[in-house]
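Examining the three-dimensional arrangement
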Amino acid sequence: MNHHLEREYHTNEGLKCRIWEENKKIWRVGFPAMLARTTQYGMLVVTQAFIGHIGKVDLAGYALIQIIAIGIAIGILLGMSSATETLCGQAFGAKQYHMMGIYLQRSCIINLVAGTLLVPLFIFSAKIFKLLGQDEEIPEKAGYICLWFIPILYYFVFSYTLQRYLQSQLKNRIVGWLSAASFALHVILSWIFVSKLNWGIPGAMSALIVSSWSIIIGTMIYITCGWCPNTWNGFSLAAFSDLVPVIKLSISSGIMICLEFWYTAILVLVAGYMKNAATQVSALSICVNITDWEFLLCIGFLASASVRVSNELGRGDAKAVIFAIKVLIAESTCVGMLFFILFLALDRQIAGLVTNDANVIEAVSKLSVPLAFSVLLNSFQTVFTGVAVGAGRQKIVAYINICSYYIIGVPIGVILGYVAHLQITGIWIGMVIGVIMQVMALGYMIFATNWDEQVKRASERLNRWSLKASDESNNIILPLEKIEIK
């Protein structure tokens, strides 16, 4: 860099240009990620709304499954898929494009095994909930609904890994549009199957299955039919090599994320022991869905943080990493404040979209203040977690989550909910305190990090796990259209 450019680089005009360029990089990943996450999660919420108007017990059963069984499955599979995000993002930054398809296939293999191991949880869910002492009527309904969720479980197996593979190479726009189209399809099918044909729960779940798998089919067509020429060279036997280090990173990633998902699941489970359990669980599940939906908007910042950090670490530019983090924190804070105000003002109206039960709406309204603070904290939590994923530091985050959530948050929530008789309000306050502790710990970790050292570690990881392009190509299983039949 010459002296003239260096002076411009540090002027206000130069700073504005850098912020503008960084914003374009952030939103190139962030907006499609937000669109994809909100519409995909929106399909679950639409299903909840249709089932909620069937009956209160049906709603409570669906809530129990969605937050606990699906929460566990998403936590494990989403977390394990973040290993793909780390490896593919750093490989893309280092221009090791030939390895990205291999990392994708390795992660799909690992996730397929993990997903299959989770199937018994869905099959025996009713018995599990009964053993945990849940009200008799809710587990029976939940167990029936849970069987319909098994195809959705395998949708999660492939969805998260495919999305992170495309996201790391800045090609996740297709996932956003496919998800939006599938959401529209889901609303139409749900209306036809439930409202018009009166198929009840089977109709609602069938609409969810068809809509979800349409995203997988569209994404696979995009990847395998020529739109990723540099990073996809066909299925390869090399995907079965060096699985152990990827498994280790996947497990630490899975623990990191599932500890967050299990946190709310445990709180909902605790609410199931309260008086008037159906109302308490339904109200708490609505609040969880509200924060989760806003979280999925903020998760666009998580995706951007992960991609920007991993790409720049792969390139070896520590200063670019620090600058990207600062811009991301500023923007996510503005979004968090916007939703903080919005949820304080519209608590009753939002609950009314999901249920007509006056008791449930009143219970949700009592949670408006702690709910708004949860929304605000999401804006910090997502950026800090994304930075950790991009740097491959999932193991440290897992330790932070254990201390913040399970040593601090859950005990405080139980004490406030049962001993102080604050019911679900006390449980939610405990959850917020746990998240505050997590955000403070993650913030300290990130700002105390030596990013030059992280650049060296990223380089060592890529060199240790990488295959030469020629070695990888020798193990290719060619797509059928490339095989010449004599």
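Above this text sits the structure in question.
Residues numbered from 1 in each chain as written. Predicted model: local features only at pLDDT ≥ 70, side-chain atom pairs only at ≥ 80, totals over all residues. Heavy atoms only, no water.

A tally of regular secondary structure across the protein gives 19 helices and two strands. Across the 486 residues of the protein, 59% fall into the buried class. The long-range fraction of contacts in the protein, counting pairs at least 24 apart against all pairs at least 6 apart in sequence, stands at 85%. Only carbon and sulfur atoms are counted for the fraction: they give 68% of the accessible area of the protein, which is about 20,300 Å². (Helix = DSSP H or I, 4+ residues; strand = E, 2+ residues; numbered from the N terminus. Buried < 20%, exposed > 50% of the residue type's maximum accessible area, 1.4 Å probe, protein only. Contact = heavy atoms within 4.5 Å. Areas by Shrake-Rupley, 256 points an atom, 1.4 Å probe, with all protein chains shown as cover.)

When their charged atoms lie close together, side chains carrying opposite charge are able to pair. Counted under the stated rule, the structure contains eight salt bridges. Between Glu85 and Arg164 there is a salt bridge, with the nearest N and O atoms lying 3.2 Å from each other. One end of the pair, Glu85, is in helix α3 (residues 56–93); the other, Arg164, is in helix α7 (residues 150–168), with 79 residues separating them in the sequence. Look at Glu85 and you get buried, because its relative accessible area is 2%. Residue class for Arg164 comes out buried when judged on its relative accessible area of 3%. We note a salt bridge from Glu312 to Arg315, for which the minimum N-O separation is 3.3 Å. On the criterion of helical spacing, the pair formed by Glu312 and Arg315 is a turn pair, its members being three residues apart in helix α11 (residues 277–315). (Salt bridge = Lys/Arg side-chain N within 4 Å of Asp/Glu carboxyl O.)

Moving on to the nonpolar core. Counting residues in hydrophobic clusters, the biggest one holds 134 residues, and the most contacted among them are Phe122, Phe149, Tyr165, Trp428 and Trp451. The element contributing the most residues to this core is α3, with 18 residues. In contact with Trp428, not counting residues within four places along its chain, are Leu284, Cys287, Val288, Thr291, Leu367, Pro370, Leu371 and Ser374. (Core = buried A, V, L, I, M, F, W, Y, C linked by side-chain atoms within 4.5 Å.)

This paragraph deals with the side chain of Asn111. Tracing the sequence through the fold places Asn111 in helix α4 (residues 100–123). Among all residues touching Asn111, those that are not within four sequence positions of it are Leu77, Met80, Ser81, Val157 and Thr161.

Moving on, we come to the packing of α4 against α7. The geometry of α4 relative to α7 is characterised by a closest axis approach of 9 Å and an angle of 160° between their N-to-C directions. Considering the angle they form, α4 stands roughly antiparallel to α7. Considering the relative orientation of α4 and α7, their crossing is right-handed. (Axes fitted to C-alpha atoms, helices over the stretch in contact; angles between N-to-C directions. Parallel < 35°, antiparallel > 145°, perpendicular 65-115°, else oblique. Left-handed = near helix turned anticlockwise from the far one by under 90°.)

Any functional reading would require information beyond the geometric quantities listed.
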